[in-house]
Amino acid sequence: MNRSFFTTTKDSVLATGSANFSTKISATPTSYGLVAGQATAYAALNTAFQSAYSAAITPATRTKSTVAAKDSARTPLRQMASDLAKIIDGTPTVTNAQRVDLGIAVRATPSPRPAPGTPYRFSVGLASDGSVTLKWKCNNPKGSSGTIYQVWRRIAPTTDFTYLGGTGEKLFADGTIPAGTAQVTYQIQAVRSTAVGAWAQYNVSFGVSGSGPVVEQVAEAGGAEPSPRLAA
């Protein structure tokens, strides 16, 4: 169902839907999160509309005044139906099947967003204080927000990765590389809530022919994965 019965522009559909709605909520109002008084008040509006609608569509009684009366009865009926539908929609015990049975539109369950992307186009720069500035790009799903990039580093191939921290930008400053280090390996992963992207791993060599840091991509979604840890 794409629309609730009270949003229709056709009086015939409204009359049928309203009669069904009124019958069901009057029978067991509490099962829909309503009280008896609300069901009774709606039943009165429904009766008034049904009577006015019948007079307006019957050739023998159709006049400008009966059509106007039908239009006047329609407005409060639709408004109360909308108000009650909000209460029903906000009642946790009411199922989607019950809502459909009442003629109320059911909200579609949003599809989960895909996991974040994989960091790429990694680059490194040296700051004047000796720290290393890491930059990268990452294509994340359209409309996603709250992505954190986790950064790990390994000084030597035989050592474990150390967690350096997380950042909400595609930028991270590493100022803890020991002096004289010739090469380090970084692993970067994008994380959003419980969704995680693939790893990207890069070697960074220093002091190569005076040209500054040299970057080599080791693996994308590969390499040894350190234990997952979210940035604080």
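Residues numbered from 1 in each chain as written. Predicted model: local features only at pLDDT ≥ 70, side-chain atom pairs only at ≥ 80, totals over all residues. Heavy atoms only, no water.

*Asks:* Please clarify how the pairing of strand β2 (residues 132-137) should be interpreted in this entry.
*Replies:* Strand residues, when the strand is regular, have side chains that alternate between the two faces of the sheet. Covered by surrounding structure in β2 are V132, L134 and W136 only, the residues T133, K135 and K137 on the alternate face being uncovered. Where strand β1 (residues 120-126) lies against β2, five bridges are found, and the strand directions are antiparallel. Following the sheet pairing, S123 is matched in β2 by K135. Connecting β1 to the next strand, β2, in antiparallel fashion are five residues, including G130 with a positive phi near 90 degrees. Relative to strand β5 (residues 171-174), β2 runs antiparallel, the two sharing four bridges. If you follow L134 over to β5, its bridge partner there is F172. (Buried < 20%, exposed > 50% of the residue type's maximum accessible area, 1.4 Å probe, protein only. Helix = DSSP H or I, 4+ residues; strand = E, 2+ residues; numbered from the N terminus. Pairing = 2+ DSSP bridges.)

*Asks:* Even after reading the chapter, I still don't get helix α3 (residues 64-89), so can you show me in this structure?
*Replies:* In an α-helix there are 3.6 residues to a turn, and that puts residues three or four apart on one side. Under the 1.5 Å per step criterion, the end-to-end length of α3 is 37 Å for 26 residues, consistent within 8% with the ideal 38 Å. Taken together, the buried positions of α3 are occupied by T66, K70, A73, L77, M80, A81, S82, L84, A85 and I88. On its buried face, α3 is in contact with α1 (11-27), α2 (36-57) and α4 (96-102). (Expected span 1.5 Å × (residues − 1). Contact = heavy atoms within 4.5 Å.)

*Asks:* Sorry, what's going on with the nonpolar core here?
*Replies:* Across soluble globular proteins, you tend to see nonpolar side chains buried next to one another. Counting residues in each nonpolar core, the largest one holds 23 residues, and the members touching the most others are F21, I25, Y42 and I88. Elements represented by at least two residues in this core include exactly α1, α2 and α3. Contact partners of F21, with chain neighbours within four places excluded, come to F5, Y42, L84, I88, L102 and I104. With 17 residues, the next largest nonpolar core counts V184, A200, Y202 and V204 among its residues. (Core = buried A, V, L, I, M, F, W, Y, C linked by side-chain atoms within 4.5 Å.)

Note that every value here comes from positions in space, so none of it alone points to a role or purpose.
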